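Each chain, written out:
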Amino acid sequence: EYPAGNNQAFRNLTGWVHRFIVGYDLECPDVPGPVRLSSEIAYYDGLAGRAHDWAYTTFGVSTKVEIDENTAFVPGLYHQISMDDSVSKRKDITYAILSMKYRFR
(Lines give C-alpha, C1' and ligand atoms only; values in the text may rest on other atoms or scores of the structure.)
Protein backbone atom coordinates (compact mmCIF):
# COMPACT_ATOMS: atom_id res chain seq x y z
CA GLU A 1 0.00 0.00 0.00
CA TYR A 2 1.31 3.44 -0.87
CA PRO A 3 1.53 6.10 1.87
CA ALA A 4 -1.38 8.07 0.32
CA GLY A 5 -3.73 5.08 0.27
CA ASN A 6 -4.85 4.08 -3.18
CA ASN A 7 -4.03 7.46 -4.76
CA GLN A 8 -1.41 6.62 -7.38
CA ALA A 9 -0.28 10.27 -7.64
CA PHE A 10 1.81 9.83 -4.45
CA ARG A 11 3.31 6.41 -5.17
CA ASN A 12 6.85 7.87 -5.43
CA LEU A 13 6.86 8.84 -1.73
CA THR A 14 7.75 5.38 -0.48
CA GLY A 15 11.19 4.40 0.71
CA TRP A 16 13.37 4.36 3.80
CA VAL A 17 15.98 6.46 5.55
CA HIS A 18 18.40 4.43 7.67
CA ARG A 19 19.96 6.67 10.36
CA PHE A 20 22.87 5.51 12.52
CA ILE A 21 23.47 7.77 15.54
CA VAL A 22 26.12 7.68 18.27
CA GLY A 23 26.20 9.99 21.29
CA TYR A 24 28.67 10.39 24.13
CA ASP A 25 28.32 12.54 27.28
CA LEU A 26 31.54 14.22 28.33
CA GLU A 27 31.79 15.69 31.84
CA CYS A 28 33.38 19.16 31.90
CA PRO A 29 33.87 20.96 35.23
CA ASP A 30 33.36 24.42 33.64
CA VAL A 31 29.95 23.56 32.09
CA PRO A 32 26.84 23.06 34.28
CA GLY A 33 25.63 20.01 32.34
CA PRO A 34 27.44 17.27 30.46
CA VAL A 35 28.65 18.11 26.96
CA ARG A 36 27.04 15.72 24.49
CA LEU A 37 29.12 14.80 21.44
CA SER A 38 27.09 13.23 18.65
CA SER A 39 27.53 11.81 15.18
CA GLU A 40 24.95 10.65 12.66
CA ILE A 41 25.12 9.14 9.20
CA ALA A 42 22.09 8.54 6.97
CA TYR A 43 21.46 6.23 4.04
CA TYR A 44 18.56 7.07 1.69
CA ASP A 45 16.99 3.87 0.45
CA GLY A 46 14.72 5.16 -2.30
CA LEU A 47 12.89 7.76 -0.15
CA ALA A 48 10.68 10.03 -2.29
CA GLY A 49 12.31 8.77 -5.49
CA ARG A 50 15.87 9.61 -4.40
CA ALA A 51 18.77 7.35 -5.22
CA HIS A 52 19.92 4.56 -2.95
CA ASP A 53 23.01 6.20 -1.50
CA TRP A 54 24.63 7.69 1.58
CA ALA A 55 22.95 11.07 2.10
CA TYR A 56 24.74 12.99 4.85
CA THR A 57 26.74 12.83 8.05
CA THR A 58 26.33 15.25 10.96
CA PHE A 59 28.64 16.01 13.88
CA GLY A 60 27.36 17.93 16.88
CA VAL A 61 28.01 19.24 20.34
CA SER A 62 25.30 20.28 22.81
CA THR A 63 24.69 20.71 26.50
CA LYS A 64 21.76 20.98 28.89
CA VAL A 65 21.39 23.82 31.41
CA GLU A 66 18.80 23.12 34.11
CA ILE A 67 16.74 26.24 34.85
CA ASP A 68 14.48 24.66 37.46
CA GLU A 69 13.19 21.19 38.29
CA ASN A 70 11.09 20.92 35.09
CA THR A 71 12.72 23.35 32.64
CA ALA A 72 16.03 23.17 30.77
CA PHE A 73 17.77 25.21 28.07
CA VAL A 74 19.52 23.03 25.46
CA PRO A 75 21.90 24.79 23.03
CA GLY A 76 23.64 22.83 20.29
CA LEU A 77 26.03 23.41 17.39
CA TYR A 78 26.07 21.01 14.42
CA HIS A 79 27.93 20.56 11.14
CA GLN A 80 26.36 18.52 8.34
CA ILE A 81 28.37 17.17 5.42
CA SER A 82 26.19 16.42 2.40
CA MET A 83 27.12 13.37 0.35
CA ASP A 84 24.23 13.66 -2.11
CA ASP A 85 22.88 16.69 -4.02
CA SER A 86 19.30 15.76 -3.09
CA VAL A 87 20.06 16.74 0.54
CA SER A 88 21.63 20.16 -0.01
CA LYS A 89 22.93 21.93 -3.09
CA ARG A 90 25.29 23.98 -0.89
CA LYS A 91 26.98 20.79 0.33
CA ASP A 92 28.12 21.46 3.92
CA ILE A 93 25.96 23.29 6.45
CA THR A 94 26.74 24.52 9.97
CA TYR A 95 23.75 25.33 12.16
CA ALA A 96 22.75 25.94 15.78
CA ILE A 97 19.69 24.80 17.69
CA LEU A 98 18.47 26.66 20.78
CA SER A 99 15.64 24.85 22.54
CA MET A 100 13.75 24.93 25.80
CA LYS A 101 12.50 21.68 27.28
CA TYR A 102 9.71 21.47 29.81
CA ARG A 103 8.86 18.24 31.62
CA PHE A 104 5.16 17.85 32.45
CA ARG A 105 4.43 15.91 35.61
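Keep in mind the model is a prediction, meaning the values are calculated, not measured. (Residues numbered from 1 in each chain as written. Predicted model: local features only at pLDDT ≥ 70, side-chain atom pairs only at ≥ 80, totals over all residues. Heavy atoms only, no water.)

J.: Run through the layout of surface pockets, naming residues and quoting values.
T.: There is about 320 Å³ of room inside the largest pocket. Looking at the largest pocket, it is lined by 21 residues, and the ones nearest its centre are Arg36, Ser38, Ser62, Val74 and Tyr78. Mapped by element, the contributors of at least two residues to the lining of the largest pocket are β1 (16-26), β2 (35-45), β3 (52-63), β5 (71-82) and β6 (93-102). With five residues, the single largest contributor to the lining of the largest pocket is β3. Tallied by class, the residues present in the lining of the largest pocket amount to eight nonpolar, eight polar and five charged. (1 Å grid on protein atoms, 1.4 Å probe; cavity = no way out; pocket = protein on both sides within 12 Å on 5 of 7 lines; lining within 4 Å. Points joined across faces, edges and corners; volume = space filled by probe spheres on them. Helix = DSSP H or I, 4+ residues; strand = E, 2+ residues; numbered from the N terminus. Nonpolar A, V, L, I, M, F, W, Y, C, P; charged D, E, K, R; others polar.)

J.: Just give me the short version of the packing of aromatic side chains, but keep the residues and values in it.
T.: Two descriptors summarise a pair of aromatic rings, namely the distance from one centre to the other and the angle between the planes of the rings. Counted by the stated rule, this structure contains four aromatic pairs. Here the aromatic rings of Tyr43 and Trp54 are separated by 5.1 Å at their centres, their planes lie at 75 degrees, and the arrangement is edge-to-face. With Tyr43 in strand β2 and Trp54 in strand β3, this residue pair connects regions lying eleven residues apart in the sequence. Ring geometry for Tyr78 against Tyr95: centres 5.5 Å apart, planes inclined by 20 degrees, an arrangement best described as stacked. Taken together, the positions of Tyr78 in strand β5 and Tyr95 in strand β6 put the pair 17 residues apart, joining distant regions of the chain. On the basis of relative accessible area, Tyr95 is assigned to the partly exposed category, the value being 30%. The structure contains a cluster of three or more aromatic residues connected by ring pairs, namely Phe20, Tyr43 and Trp54. (Phe/Tyr/Trp six-rings, centres within 6.5 Å; stacked < 30°, edge-to-face > 60°. Buried < 20%, exposed > 50% of the residue type's maximum accessible area, 1.4 Å probe, protein only.)

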